[in-house]
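One letter stands for each residue in the lines below.
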Amino acid sequence: MISVDRADIAFQLFDALPTASLSALPRFADYDRAAIDGVLDMAERVAMDHFLPHAADLDLNEPKFVDGKVVIDERVGAALAAYREAGFFGASFDQELGGAQMPETVRSAVGFIFSMANIATAAYPFLTTAAANLIDAFGSPEQKARFLKPMVEGRFFGTMCLSEPQAGSSLADITTKAEPQEDGSYFLTGRKMWISGGDQEISENIVHMVLAKIPGSPPGVKGISLFIVPKFLVEEDGSIGLRNGVALAGLNHKMGYRGTTNAALNFGEDGPCRGYPVGDPGKGLVYMFQMMNEARIGVGLGAAALGAAGYRASLAYARERLQGRHPDNKDASSPQIPIIGHADVKRLLLAQKTAVEGSLALLLYAAFLVDAIKAAPSEEARHEIRILLDLLTPIAKSWPSEFCLEANKHAIQVLGGYGYTRDYPVERLYRDNRLNAIHEGTHGIQALDLLGRKVMQENGAGMKTLAARIMADVTQAHGLEGLTAHAADLAAHLAEAVATTGKLAAKVGSNPRPGLANATIYLDMMGHVVIAWMWLRQATAATRRLGSPDPDRNFLDGKLAACRYFFAYELPRTRTQRALLDSLDDTALKMRPEWF
């Protein structure tokens, strides 16, 4: 029942975004419209043939910890071999590294397709790409030759090792140590927890990107350094050497993402664990934030993909399931109608459609900003795009993780009792998606990042850029039939959101506790405004396409109806949120632990 909506992906890439224009850049010269369509064809074929068929079985038969090793469904390795043969591991990397120099916008669309099919199996290359990007950005030439190239080829997989059992998200409190050795390497000792992809027998090697503290370093985050710690040592000629002192302590068993190994790792417990420092000492968290920010957008993309998979499954079911009659038809002998004819089922489907397609629009927009940074004519232009991307990152991670999970809930509701059974995929998709609100920083952490850091950077430069871009699109929509009211509505909501932001930022600057007490409410509010913007952009593109020869009326009318739904049903909720934020309500802040 899970299928890819290629019409929507094409619309997002080529109507809502000018993706085809990227081929004018020398780096992306190979990616005209025909080439991108070919890439998406290949991704859909590999995803549907190799990833989707074992998704349900992998959920029921998760990886096992046997004699110190991971035992996993052999079809995971076969699927990733097909992924590797298609060249997707190295899709976005330079050709000189063996990559394909694919635009990030296109690579994100590819990732969306694979995550729809089987997010647990897709997690391995997702993590590998993020770790490889980190080495590419900050690693030495020797490290790139020894570790990066095999990762680009898909022979080595990668992970990020941040959390520890006693520290969780409080990275300032990690205790993993790195002792310097005479040859320039370090011996690491400590424990890491919640390591996705932390061990498996699929790849030739695993490259762990590990945060640790060098003795004598400053306390807190300024004392954290970054290290490459391979599962197996790699010789100078690239051959695989002895097993390094990274031991699998056990597997965590989760409610979703069951096919992705999630490990507890011990470093230096059963023998020396050699690590190689990346960049300068004390800058580990700064470097790791590149990987984490990339991963945060990827988590949002995965959440949108799971929401889309549930939406497509429930839509197919609603078209086929016969039940009941219209309320004005009292003839019990008349045929039952498909449930998609009932208004409340259409409401549930519209809620899913607006969350999923609004999220995908935002995530592809963020990916396009990554490509735009590479294409920018000056450092000033690059900086403006970068600070906008920084501001949008916590929203791009968290809004899909919250509201595409809500879409999965609606998918279960559409199926009724069948939605809770394993005969259909929607219960599994819901469980998978529940993790994304926690992955790479919880909803609350993203809220603190947005309100406590991003909106205040450089005297609010990111918010000013965001507002300017929204208003530019508002101006374009004002001139199109049927969109004037939406454009005016978004402009009013934006002005109110900016005013609330200013009030909260001033409070955070003088007294952070009350200022940040309702940061999560702020994140949800800003996310709704941004998604409304994404829907206005889509409605603008759809309206323009209606005037083209042979338009797909059903598809385009569906876009316009979804935009109307979001502006009528979802966006008005933000006014209640802003009233709470403007009041600086301190109910949660002043609630004492002993009162619970």
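What counts, and where the lines are drawn
Residues numbered from 1 in each chain as written. Predicted model: local features only at pLDDT ≥ 70, side-chain atom pairs only at ≥ 80, totals over all residues. Heavy atoms only, no water. Helix = DSSP H or I, 4+ residues; strand = E, 2+ residues; numbered from the N terminus. Rg over C-alpha atoms; globule rule 2.2 N^0.38 Å. Buried < 20%, exposed > 50% of the residue type's maximum accessible area, 1.4 Å probe, protein only. Contact = heavy atoms within 4.5 Å. Areas by Shrake-Rupley, 256 points an atom, 1.4 Å probe, with all protein chains shown as cover. Lys, Arg positive; Asp, Glu negative; His and termini not counted. Charge placed at Lys NZ, Arg CZ, Asp CG, Glu CD. Salt bridge = Lys/Arg side-chain N within 4 Å of Asp/Glu carboxyl O. Core = buried A, V, L, I, M, F, W, Y, C linked by side-chain atoms within 4.5 Å. Expected span 1.5 Å × (residues − 1). UniProt positions renumbered as here; feature names shortened; annotations may be inferred. Axes fitted to C-alpha atoms, helices over the stretch in contact; angles between N-to-C directions. Parallel < 35°, antiparallel > 145°, perpendicular 65-115°, else oblique. Left-handed = near helix turned anticlockwise from the far one by under 90°. Nonpolar A, V, L, I, M, F, W, Y, C, P; charged D, E, K, R; others polar. Polar contact = N/O pair within 3.5 Å; in protein donor to acceptor, adjacent residues only side chain to side chain. Phe/Tyr/Trp six-rings, centres within 6.5 Å; stacked < 30°, edge-to-face > 60°. Pairing = 2+ DSSP bridges. Disulfide = S-S within 2.5 Å.

Asks: Can you help me understand the overall build of the protein chain in this one?
Replies: Along the backbone of the protein chain there are 18 helices and 12 strands. Relative to the 2.2 N^0.38 estimate, which gives 25 Å for 596 residues, the radius of gyration of the protein chain is 24 Å and therefore close to what a compact globule would have. Summarising its shape, the C-alpha atoms of the protein chain cover approximately 80 × 60 × 55 Å along the three principal directions. Of all 596 residues assigned to the protein chain, the portion counted as buried reaches 55%. A sequence separation of at least 24 residues applies to 74% of the contacts in the protein chain between residues at least 6 apart. For the protein chain, the accessible surface area stands at approximately 24300 Å², while carbon and sulfur atoms represent 53% of it. Distance from the positive charge centre (60 side chains) to the negative charge centre (68 side chains) of the protein chain: 5 Å.

Asks: Would you take a moment to explain the pattern of salt bridges for this structure?
Replies: Opposite charge on two side chains allows them to pair when their charged atoms are near. Within this structure, the stated rule accounts for 37 salt bridges. Residue Arg 75 is joined to Asp 57 by a salt bridge in which the shortest nitrogen-to-oxygen separation is 3.1 Å. Taken as a pair, Arg 75 in helix α4 (residues 74-85) and Asp 57 in helix α3 (residues 55-60) lie far apart in primary sequence, 18 residues in all. You can call Asp 57 partly exposed: its relative accessible area is 32%. We note a salt bridge from Asp 59 to Arg 431, for which the minimum N-O separation is 2.7 Å.

Asks: What exactly am I supposed to notice about the nonpolar core here?
Replies: Looking at soluble globular proteins, one finds that nonpolar side chains tend to be buried together. Phe 114, Leu 188, Leu 466 and Tyr 522 are the most contacted members of the largest nonpolar core, which totals 152 residues. Setting aside its immediate chain neighbours within four residues, Tyr 522 contacts Leu 450, Leu 451, Val 455, Met 463, Thr 501, Leu 504 and Leu 581. Residues Leu 134, Ile 224, Leu 233 and Val 278 belong to the second largest nonpolar core, which totals 33 residues.

Asks: What am I meant to see in α4 here?
Replies: Along an α-helix, residues three or four apart share an orientation, since each turn contains 3.6 residues. Given a rise of 1.5 Å per residue, 12 residues ought to cover 16 Å, and the 17 Å separating the end C-alpha atoms of α4 matches this to within 8%. Residues of α4 that are buried include every one of Val 76, Ala 79, Leu 80, Ala 81, Ala 82 and Tyr 83, and no others. Tucked inside the fold, the buried residues of α4 contact α2 (33-51), α3, α5 (104-138) and β3 (156-161). Once α4 finishes, Gly 87 follows within two positions and takes phi at roughly 85°, a positive value.

Asks: What exactly am I supposed to notice about the UniProt feature "domain: Acyl-CoA dehydrogenase/oxidase N-terminal" (unreviewed entry) in the protein chain here?
Replies: Those places that UniProt annotates as "domain: Acyl-CoA dehydrogenase/oxidase N-terminal" (unreviewed entry) correspond, in this numbering, to residues 40-154. Taken end to end, residues 40-154 is 67% helix and 5% strand, and its two terminal C-alpha atoms sit 19 Å from one another.

Asks: What should I look at first to understand the packing of helix α13 (residues 484-510) against helix α17 (residues 573-582) in this one?
Replies: To characterise two packed helices, one gives the angle between the axes of the helices and the distance between these axes. Close contact between α13 and α17 brings their axes to 10 Å; oriented N to C, the two are set at 20°. One finds that α13 runs roughly parallel with respect to α17. Seen from above, α13 lies across α17 with left-handed handedness. Residue-level inspection shows Asp 489, Ala 492, His 493, Glu 496, Ala 497, Thr 500, Lys 503 and Leu 504 of α13 in contact with α17, the latter providing Thr 574, Arg 575, Arg 578, Leu 581 and Asp 582. Taken together, the residues of the contact of α13 with α17 sort by class into 4 nonpolar, 3 polar and 6 charged.

Asks: What exactly am I supposed to notice about helix α8 (residues 343-375) here?
Replies: The first and last C-alpha atoms of α8 sit 46 Å apart over 33 residues, in line with the 48 Å expected at 1.5 Å per residue. Of all 33 residues making up α8, 25 are buried, and the element is well covered by its neighbours.

Asks: Explain the environment of Val 39 to me, please; I cannot follow it from the model alone.
Replies: Locating Val 39 in the fold gives a position in helix α2. Using a relative accessible area of 14% as the deciding quantity, one classes Val 39 as buried. Along the primary structure Val 39 and Gly 198 are separated by 159 residues, whereas in three dimensions their C-alpha atoms are 30 Å apart. Each residue touching Val 39, except ones within four places of it in the same chain, is listed here: Tyr 31, Phe 88, Met 102, Val 106 and Val 110.

Asks: What am I meant to see in the side chain of Ser 314 here?
Replies: Assignment of secondary structure puts Ser 314 in helix α7 (residues 284-320). Looking at Ser 314, the relative accessible area reads 0%, which means it is buried. Within the structure, Ser 314 has its side chain in polar contact with the backbone oxygen of Tyr 311 (distance 3.1 Å).

Asks: How do you make sense of the packing of aromatic side chains when you look at a structure like this?
Replies: Centre distance and the angle of the planes are the two values used to describe a pair of aromatic rings. Considering all chains together, one arrives at 19 aromatic pairs under this definition. Consider the rings of Tyr 418 and Tyr 424, whose centres lie 5.7 Å apart with planes at 65°: the pair is edge-to-face. A residue is classified by how much of its surface remains accessible, and Tyr 418, at 38% relative accessible area, is partly exposed. Members of the aromatic cluster, connected to one another through ring pairs, are Phe 51, Tyr 83, Phe 88, Phe 89, Phe 114, Tyr 124 and Phe 157.

Asks: What exactly am I supposed to notice about the pairing of strand β6 (residues 205-213) here?
Replies: Among the 9 residues in β6, 9 count as buried, and that is most of the element. Burial along β6 is two-sided: the face carrying Asn 205, Val 207, Met 209, Leu 211 and Lys 213 and the face carrying Ile 206, His 208, Val 210 and Ala 212 are both buried. Note that β3 and β6 share 6 bridges and pair parallel. Residue Cys 161 lies in a different strand from β6, and its bridge partner there is Val 210. Two strands pair when backbone bridges link them, and β6 and strand β7 (residues 224-230) are joined in this way by 7 bridges, in the antiparallel orientation. Of the residues in β7, the one forming a bridge with His 208 is Val 229.

Asks: I would appreciate a short explanation of the state of the cysteines in the present structure.
Replies: As used here, a disulfide is simply a covalent bond connecting the sulfur atoms of two cysteines. With the rule as written, the count across this model stands at 0 disulfides. Cys 273 takes part in no disulfide bond, and the closest cysteine sulfur to it belongs to Cys 161, at a distance of 9.6 Å. Exposure remark for Cys 273: the relative accessible area of 1% places this residue in the buried category. Cys 563 takes part in no disulfide bond, and the closest cysteine sulfur to it belongs to Cys 404, at a distance of 17 Å.

Asks: What should I look at first to understand the environment of Ile 373 in this one?
Replies: With respect to the element layout, Ile 373 can be found in helix α8. Here the alpha-carbon distance between Ile 373 and Ile 2, two residues 371 residues apart in the chain, equals 35 Å. Excluding residues within four positions of it along the chain, Ile 373 makes contact with Arg 382, Ile 385, Arg 386 and Leu 389.

Asks: How should I be thinking about the packing of α5 against α7 in this particular structure?
Replies: Between α5 and α7, the shortest axis-to-axis distance is 9 Å and the interhelical angle comes to 175°. If you check the angle between α5 and α7, you find them roughly antiparallel. Along the lines of polarity and charge, the residues of the contact of α5 with α7 split into 21 nonpolar, 8 polar and 3 charged.

Asks: Looking at this model, I keep getting lost on unusual backbone geometry. Mind explaining?
Replies: Negative phi is the rule for most residues except glycine; trans is the rule for most peptide bonds. Phi at Asp 550 takes a positive value of approximately 50°, unusual for a residue other than glycine. Position of Asp 550 relative to the elements: it lies in the loop between α15 (519-546) and α16 (553-570). Relative accessible area serves as the criterion here: at 77%, Asp 550 is assigned to the exposed category. Non-glycine residue Leu 584 carries a positive phi angle of around 55°.

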